[in-house]
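# Architecture and fold: a report
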Amino acid sequence: MFELSRRALLKTMSCGFGYMAFAGLATEAAQKEKKAADYENPLAPKAPHFPPRAKRVIFLCMRGGPSHVDTFDYKPMLAKHEGKTPDGANQRGRKLMPSPWKFIPSGESGLLISELYPHLRQHADDLCLINSCHTDLPNHPQALVQLHTGQFRFVRPSIGSWVLYGLGTENQDLPGFITIKPPARLGGAQNYGSAFLPAVYQGTKIGDPGQALRDIRVENIANPLYSSDVQRKQLNLLQMLNRNLAQRSDNAELEGVIESYELAFKMQTALPKLLDLSKETTATHKLYGIGEKETDDFGRQCLIARRCAEAGVRFIELTHEGWDQHNGLRARLSANARATDKPMAALITDLKRLDMLKDTLIIWGGEFGRTPAVRNKDGRDHNATGFTMWMAGGGVRGGMRYGATDDYGINAEIKKFHIHDFHATTLHLLGLDHTRLTYRYAGRDFRLTDVYGNVATEIIS
Amino acid sequence: MPKPLPSYLSLAACLAASTLTFAADDRGGIEFFERKIRPVLVQKCYKCHSADTKKPKGGLLLDTREGIRRGGESGHGVVPGNLEESLVIRALRHEKGLEMPPNEKLSDQIIADFERWVRDGAVDPRDGKSAPVLAKIDFERAKNFWSFQPIQNPQPPKVRGSWAQSDIDRFIQAKLEENGLAPVADAEPRVFIRRLYFDLIGLPPTPEEVEAFVADPSPQATQKIVDKLLASPQFGERWGRHWLDVVRYGESTGMERNYTYPYAWRYRDYVIASFNADKPFNEFIVEQVAGDLLPAKTKEERYEHYVATGLLAIGPKSLNERNNEKFLMDVVDDQIDVTTRAFLGLTASCARCHDHKFDPIPTREYYSLAGIFRSTDTYYGTGGGRGNRQAGRVLALAGDSVQPVSATGSQTQNKSDRKRLVAQLQKAEARLAKLKKSGTQQQVAKLQRQIDELKKQLQGKNKKQAPVAGQSGNNALKFMGVLDSAQPQDTQIRIRGEADDRGDTVPRGFLTIASSGREYPIEGSGRLQYAQWLVDPANPLTARVAVNRIWQHLFGQGIVPSVNNFGANGDRPSHPELLDYLATQFVKNNWSVKKMIRSIVLSRVYRLSCAENPNAKEVDPQNRLLSRMNHRRLEAEAIRDAMLAVSGQLDLEPAKGSIVESIGNGDVGRTIQPSRFEIESNKRSVYLPIVRSAVPEMLRTFDFPEPSIVFGQRDVTTVPTQALYMMNSPFVIEQSKHFAQRLLNKEGLQDDERVDLAYRLAFSRPASAAEKAKSLAFVAEATKSADRNKAWTGFCQALLASAEFRYIE
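### Details of the overall build of chain A
- Check the secondary structure of chain A and you find 12 helices and 17 strands.
- Computed over C-alpha atoms, the radius of gyration of chain A comes to 23 Å, within 12% of the 23 Å expected from 2.2 N^0.38 for 461 residues, which places it in the range of a compact globule.
- Across its three principal axes, chain A shows a C-alpha extent of roughly 80 × 50 × 40 Å.
- Going through the 461 residues of chain A one by one, you find that 61% of them count as buried.
- A separation threshold of at least 6 residues defines the contact pool for chain A, and within that pool the share at least 24 residues apart is 75%.

Okay, structure coming up:
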């Protein structure tokens, strides 16, 4: 697919020990080296099409469709025209409801952000609010699948799989695409599936919806029979068998098998370690709101995301459920904001501290937004024709708004940003040309963006 | 690398000149055209749609009368007097998908002018001729492409020496010699018999079977084994599963609302039975496409025919789709896709939105096929439910009559479910007691969750359910399938594939490129004629595609590696004459799959070893010429089945139905937890539930294909998650325990003999002295910190986890 230049490869690696393990194995014997050269690890880091701005992605998926007009898309006209019946898709003759929350100019840029996000507001100058997002349908199932795969009419690879396919991953001891507590319905595994891409590019799911993060375990990560040193001896026996076979047959795949066991053995330690937050300082726990009732769960997710980013995981997705507020908006939206605000702000602070925000792309958004028209007195319906996502870090310009909806927030009007554009732009920030990242299946070359997608170059710093 | 366009897609010659002349009273019209229409066309349209454009967009020329009336890919530009059929008007109005000019909607006044012009007859004085820009398919030339050529019956080449033992070998040898290559030596008998067992039945031979063959590896002995394996019921389970990959078999709708298909398993069983019965492959195809329209002699045969049409019903479906027309066209697309790719190796569904870019399949013909499936009702039986806007019924067979019935359960169903649930619950609780003593916390928690779930289900079943209206009696047998609709009719081209954007109506029919010239006058939906057309012996594709699939499963690579694509973008055959020879033999032998397999596995080339062939590495690095056998990894099912076989736990009794049926209708992930499909079973893997988005972990981990997609060749990936599965999963450890027990239970054996037996069971070969020593050393070492059982378990697990266990040479 692309030429893999050694320099580019080393350049894209921040922690490189995956490669070192790779190289170390390859030099064990001259014969083996030759074969290892034939074997291509499909997950090895690959050079992007052009120099990337972001090396990894943390996608904060707000499942259910967060209300943009109450969070990041300030609409003063809603107050002015309260009670009027607007035209527009899905408004269903209902009346406009102004946001119950104040919007406050934040940071030097003065971005208007809802008072729901007192912590995140502190990072306004790092945020790029994309106010002109739109998607094809105002239904959860289709919109969530489209958000992840670009398509809902056919089963297609998810964006994380495409990224992993395009770039490989930096740390071979860990999965390259991790998704924490993804929904089991609404497309389920399709949202992190690899479809026709080879299965190695599918996301690794950690935890199930509804499960408290403090209780999650990874499947098959620990051996129930043996201590680690006996298991190592068992592995030595197994690897002897594998090497014997590799020696008597001419098959590069076998080197892959041998390597996969070494990596798996290391993963047994690396993955639980990644999820083990006990070594993080009390200050860090506090920063993320871990231990506080409301923020504990998402705080843990965000801290794990940071640890994944540090460890070289390429694509990390977190899910926060329950943004579908057809009723109880005031209470439920503020509860959601409280649960996520502090952890998200902490994630930005922490990445900055590590000087990693510059090449870590954070994306926030759900499958669509919500209608400015009221439902059930205290709720809003689905709004697919205009909503907001935001990005931070990873080469994105901070303190800016990109695009706009109409006066009420119904339709994206200026610099419309379709899900295809979101995908094209995300790939672009990672150094991938969305028109060139293709895979041949069923007789033609497929893309994440199909025949669509424009890169919003304005948001790139 | 992009391939050049095939030569038959040339810009064809001109149509006859238009002979329109203008009467005097058109003068006003001409003036209107010159004043209002022409300037706009020149200014706004010619840039992309005139003879001066290098590549006119959409194959549309607007700079002559002829061009604008003929139109482009999407249909006529202008139809005098008819606004709705004039795409220029609809484009100017910026109707969805047709917006022109693309970035600028012209003023209402201009649009009104164009409307008036068309209404008044679209007077147009521009007399010039426009060569049609659309690539017109010249089918005669298109048929020069290799796969559309009639199947030949080539004589096997004459070759020297005694290597070749069959005609197949002669083709192979000739090609090798042409390239200066020689085949490697034959495989050792124990390597060969292992290959044969896995290839034909997906299970390893027993040590006794291996030794018997080693003692007598004569051709007669080989034939006897081949015939025994072909006759065993395990053959159909192995080869049926290959077919289930191709036809995207799944037990739920997948997609955004993932409703279960409780009766999909009947199609699965039909496929297995068909392979076991060696049903002629042409009949197999006809039954799957049009079984409901075939005569049947017995009740069993009628049932079989109906269930076969499950092929058309089990595809993924977008149940949340609001737009009924769109939903139906998506179902049709799935049916076209599966029938053309599975049987013809053509990607006809590419022609849904535009003429196929690479192959001679015009959009018109896609909609000819679409008409057949639009005249067909599909019964997939998801019942209703939240988010399901497209509930469907199933078919029920009672006596001789078949009728659509509601998909939800009946009283008897309820009762038998209850019985099954109670049994499951008891078993699980017994296991829990055991696990609490010896298992990990994780295992206990997992089982506890399963138990809670079972209890919940049982509660649901204890409630009495009202009988469902339209139920055709409790004994009715429910299945998925299709029937002809009451009023079969042709359908319209959908412009750019948009379901609601209708173009010309096209008569039902088939693909010109694969037609023999024989007529199949449409009756009813036309499905039966489509099926007959598919298996017309003069159809150049069907038999080639079928034998190529068989070849692939025996060598790891097809003669045409792109098994689902015999079009321009697919691969070319490495041995075109051999492919034709096989296809001819196949048809001659009444499309017998077993005979075809038999002739291939008894060839010399199938018997080659996997030894390295240094010379071939340069000339033929991909081993397409088969100077040796490919070293292949087993599929997920065969790995799992082999583990069960070696551990002594394999239950060869076919499963009755599917857990999906006992769970019933529901939305996976919402009303049914996906974990419920992670069942424990000692039956062969082909019987595990294949619920889309909830494929069992073991299968998923080892490259089981995405069940929503027509798959021809599985991926082989090697990743740490597979290693973790082998090292730590409860299933592998469980089988290792049984495997160890099996060794330890053998009385009178020394430990080194136990080790040897283990190697024979797992690898079909004895252990070497060094292997014995190392294995015993591990057992001794492990015994220091664990009991004897545990130590042997670890040893056995190492064998099951090894590459040798899951590769066949």
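### Points about the domain arrangement of chain B
Residue and element names in this part refer to chain B.
- In terms of domain boundaries, chain B breaks down into domain 1 (24–136), domain 2 (280–406 + 479–534), domain 3 (411–466) and domain 4 (726–808).
- Distance from the C-alpha centre of domain 1 to the C-alpha centre of domain 2: 37 Å.
- Counting from both sides, the interface comprises 4 residues of domain 1 and, opposite them, 6 residues of domain 2.
- Each residue belonging to the side of domain 1 that touches domain 2 can be placed in one class, and the counts come to no nonpolar, 3 polar and 1 charged.

### Re the environment of Leu-245 of chain A
- Note that Leu-245 of chain A resides in helix H7 (residues 228–248).
- On the basis of neighbour counts, which here come to 21 C-beta atoms within 10 Å, the residue Leu-245 of chain A falls in the buried class.

### Quick look at the interface of chain A and chain B
- The interface is formed by 54 residues belonging to chain A together with 64 residues belonging to chain B.
- Those elements that place two or more of their residues in the side of chain A that touches chain B are helix H5 (140–149), H7 and helix H8 (253–275) of chain A.
- Looking at the side of chain A that touches chain B residue by residue, the class counts come to 31 nonpolar, 16 polar and 7 charged.

### Section: the confidence of the model for chain B
All names here are of chain B.
- Taken over all residues, the pLDDT of chain B has a mean of 88, while the share at 70 or more is 92%.
- Note on residues 1–24: pLDDT is under 50 here. Beyond four places in sequence and across chains, it has 29 contacts.
- Every residue in residues 463–474 is under pLDDT 50, and counting partners more than four places away or in other chains gives 21 contacts.
- Quick note on the complex model: pTM equals 0.75, ipTM equals 0.77.

### Section: the sheet that holds strand E3 (residues 401–405) of chain B
Residues and elements named next belong to chain B.
- Strands sit in the order E3-E2-E4 across an open sheet of 3 strands; the sheet is antiparallel. Of all the strands in the sheet, just E3 and strand E4 (477–479) have a single pairing partner and so form its edges. Taken pair by pair, the neighbouring strands of this sheet meet at an average axis angle of 30°, ignoring direction.
- Relative to E3, strand E2 (residues 394–398) runs antiparallel, the two being bridged by 5 bridges. The residue of E3 that forms the bridge with Leu-395 is Pro-404.

### Considerations on the nonpolar core
- If you look at the biggest cluster of nonpolar residues, it comprises 311 residues, and the most contacted ones within it are Leu-60, Cys-128, Ile-362 and Trp-390 of chain A together with Met-480 and Leu-800 of chain B.
- In terms of residues, this core owes the most to one element, H8 of chain A, which gives 11 residues.
- Structurally, this core is a two-domain feature, drawing no fewer than three residues from each of domain 2 (280–406 + 479–534) and domain 4 (726–808) of chain B.
- Setting aside anything within four residues of it in sequence, one finds Leu-60 of chain A in contact with Leu-318, Met-344, Ile-362, Ile-363 and Trp-364 of chain A.
- Core analysis: the next-biggest nonpolar cluster, separate from the first, contains 19 residues, Ile-37, Ala-91, Leu-92 and Phe-114 of chain B among them.

### Looking at the packing of helix H7 (residues 189–201) of chain B against helix H8 (residues 207–215) of chain B
All names here are of chain B.
- Orientation of H7 relative to H8, taken along the N-to-C sense of each, is 130°, at an axis distance of 9 Å. Of the possible angle classes, the one that applies to H7 and H8 is oblique. For the element pair H7 and H8, the recorded crossing hand is right-handed. When H7 is examined against H8, the residues Pro-189, Arg-190 and Ile-193 are found in contact with a partner set consisting of Glu-209, Val-210, Phe-213 and Val-214.
- Looking at the contact of H7 with H8, its residues break down into 5 nonpolar, no polar and 2 charged.

### What to know about the packing of H8 of chain A against helix H26 (residues 720–728) of chain B
- Put simply, H8 of chain A and H26 of chain B touch, their axes get as near as 8 Å, and they point 70° apart. Judged by the inter-axis angle, H8 of chain A sits roughly perpendicular to H26 of chain B. Across from Ser-260, Tyr-261, Leu-263, Ala-264 and Met-267 of chain A in H8 of chain A, the residues of H26 of chain B making contact are Pro-720, Gln-722, Ala-723, Leu-724 and Met-727 of chain B.

### Here's the deal with the confidence of the model for chain A
- Here chain A averages 88 in pLDDT, and 91% of its residues register 70 or above.
- Residue range residues 1–36 of chain A is modelled with pLDDT below 50. Its contacts to residues more than four positions away, or to other chains, number 45 contacts.

### Some details on the environment of Gly-58 of chain B
- Within the secondary structure layout, Gly-58 of chain B lies in the loop between helix H1 (27–45) and helix H2 (65–70).
- Not counting residues within four places of it along the chain, the set of residues in contact with Gly-58 of chain B comprises Gly-72, Glu-73 and Ser-74 of chain B.

### Concerning the pairing of strand E2 (residues 103–106) of chain A
Residues and elements named next belong to chain A.
- Pairing of E2 with strand E3 (residues 111–114), which is carried by 4 bridges, proceeds in the antiparallel orientation. Paired with Ser-106 across the two strands is Leu-111, which belongs to E3.
- In this antiparallel pair of consecutive strands, E2 and E3, the connection spans 4 residues, and Gly-107 shows a positive phi of 65°.

### As for H5 of chain A
All names here are of chain A.
- Burial within H5 is extensive, with 10 of its 10 residues counted as buried.
- Residues of H5 that are buried: His-140, Pro-141, Gln-142, Ala-143, Leu-144, Val-145, Gln-146, Leu-147, His-148 and Thr-149.
- In this structure, the buried residues of H5 make contact with helix H6 (159–167) and helix H12 (419–429).
- Gly-150 lies just past H5 and shows a positive phi near 85°.

### Considerations on the environment of Lys-357 of chain B
All names here are of chain B.
- Mapped onto the elements of the fold, Lys-357 is located in the loop between helix H14 (324–344) and helix H15 (363–374).
- The class of Lys-357 is partly exposed, set by 16 C-beta atoms lying within 10 Å.
- Separated by 407 residues in sequence, Lys-357 and Ser-764 place their C-alpha atoms 50 Å apart.

Thresholds applied
- Residues numbered from 1 in each chain as written.
- Chains lettered and ligands numbered in written order.
- Predicted model: local features only at pLDDT ≥ 70, side-chain atom pairs only at ≥ 80, totals over all residues.
- Helix = DSSP H or I, 4+ residues; strand = E, 2+ residues; numbered from the N terminus.
- Rg over C-alpha atoms; globule rule 2.2 N^0.38 Å.
- Buried ≥ 20, exposed ≤ 12 C-beta atoms within 10 Å, placed from the backbone.
- Contact = placed C-beta atoms within 7 Å.
- Domains from an automatic or database assignment.
- Nonpolar A, V, L, I, M, F, W, Y, C, P; charged D, E, K, R; others polar.
- pLDDT = per-residue confidence, 0-100.
- Pairing = 2+ DSSP bridges.
- Axes fitted to C-alpha atoms, helices over the stretch in contact; angles between N-to-C directions.
- Core = buried A, V, L, I, M, F, W, Y, C linked by C-beta atoms within 7 Å.
- Parallel < 35°, antiparallel > 145°, perpendicular 65-115°, else oblique.
- Left-handed = near helix turned anticlockwise from the far one by under 90°.

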